[in-house]
Amino acid sequence: MFITGFHSIEEKIRSLKEGAVPGFKLYYSKPGPRVKKILEAAKKAGVSCRQTDDKSLDLLVKDLDPVLRDHRGLVMELSAQAKAPSNIVDFDSWIKKMSAESGKARVIILDKVTDPHNVGAIIRSCDQFGADLVLLPEHNSASDIAGNEVIGRSSAGASAWVPVTVVKNLVRAVEQLKEAGFWIYGADAGGTTCTKIDFAPKTALIMGSEGSGIDVLLHKKCDTIVSIPTCGKIDSLNVSVAAGVLLYELYRKSL
């Protein structure tokens, strides 16, 4: 697998422990100041670095999404044997630990959010506003956090850091969150204005797809429906923008 984008590559390197990293290689052409800085960090982390030319880099990324082919003289290779990122967590283990704790926690649940640009942007907001976990369904979702570099770029590298878990059944996962003391908030029109809500210490926020919103079964599991006050002429916000607003409101009220 090949990844591009200075942010994505930098954060991938930062997430590695020092020492030899089998299956990770960095290819570069003309090393400008930014690339030199990345190469220095890569060498310290034990990542193999090799100089080549732009034509060779073009061949490495030819099968990527057109947006990701703009390598800007730097491409990182991750072998199929590379270990899963440390921020990809097992939900059952995480919820077991959380059940035994009484502190604050914020979970963001993405229901049928299939656009990787939106998923990446939401993860970036999760990093900035202190979400403890992003929960994604295995199906009908852009859930390949480690392998989808559109997500990596859209998150500005935050997808290498923010804890993420993928589950087979969102309804069951929400039930487990409720059993662990979480209050479930569903983002939808017509709910209680977010500025008027005193969010629970353990908060789980469900963001639905822009087309169909939150699934009916998930909607029934919500303790409160929360909405964002707006004044525009169109009927809704982009899901990543809405998530950013609500995450900020959660963060602001925790200060």
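Residues numbered from 1 in each chain as written. Predicted model: local features only at pLDDT ≥ 70, side-chain atom pairs only at ≥ 80, totals over all residues. Heavy atoms only, no water.

Enquirer: Would you mind going over the packing of aromatic side chains in detail, with residue names and values included?
Expert: Two numbers describe a pair of aromatic rings. These are the distance of the centres and the angle of the planes. Evaluated as defined, the whole model comprises 5 aromatic pairs. Taking the centre distance of 6.1 Å and the plane angle of 35 degrees together, the rings of W94 and F182 count as tilted. In this pair, W94 is assigned in helix 4 (residues 91-99) and F182 in the loop between helix 7 (170-179) and strand 8 (183-193), connecting sequence segments 88 residues apart. (Phe/Tyr/Trp six-rings, centres within 6.5 Å; stacked < 30°, edge-to-face > 60°. Helix = DSSP H or I, 4+ residues; strand = E, 2+ residues; numbered from the N terminus.)

Enquirer: Can you break down the sheet that holds strand 2 (residues 24-28) residue by residue, with the values?
Expert: Whether parallel or antiparallel, the strands of a sheet pair through hydrogen bonds between backbone atoms. Here 4 strands make up an open sheet; going across it, the order is 1-4-2-3 and the pairing mixed. Looking at the sheet topology across the chains shown, the edges are occupied by strand 1 (2-3) and strand 3 (48-51). With 5 bridges joining them, strand 2 and strand 4 (residues 74-78) adopt antiparallel strand pairing. Residue pairing for strand 4: Y27 is matched across the bridge by V75. Along the sheet face, helix 2 (residues 33-44) touches strand 2, strand 3 and strand 4 and points at about 155 degrees away from the line of strand 2. (Pairing = 2+ DSSP bridges. Contact = heavy atoms within 4.5 Å. Axes fitted to C-alpha atoms, helices over the stretch in contact; angles between N-to-C directions.)

Enquirer: Let's hear about helix 4: which residues, and what values?
Expert: An α-helical turn contains 3.6 residues, so any two residues separated by three or four positions project in the same direction. Those residues of helix 4 that fall on the buried side of the exposure criterion are F91, W94, I95 and M98. Looking down the long axis of helix 4, one finds its buried residues gathered within 95 degrees of arc, a one-sided arrangement. Residues of helix 4 that are exposed and angled more than 90 degrees away from the buried face: K96 and K97. Here the buried face of helix 4 lies against strand 5 (105-111), strand 6 (133-137), strand 7 (164-167), helix 7 and strand 9 (202-208). (Buried < 20%, exposed > 50% of the residue type's maximum accessible area, 1.4 Å probe, protein only. Arc of directions from axis to C-beta.)

Enquirer: Please set out the pattern of salt bridges residue by residue, giving values where relevant.
Expert: In the structure shown here, the tally under the stated rule is 10 salt bridges. One salt bridge in this structure joins E179 and R172, with 3.6 Å as the shortest N-O distance. A residue is classified by how much of its surface remains accessible, and E179, at 61% relative accessible area, is exposed. Looking at R172, the relative accessible area reads 38%, which means it is partly exposed. Each member of the salt-bridge network shares a partner with another, and the members are R172, E175, E179 and K221. (Salt bridge = Lys/Arg side-chain N within 4 Å of Asp/Glu carboxyl O.)

All quantities given are derived from atomic positions and should not be read as evidence of function.
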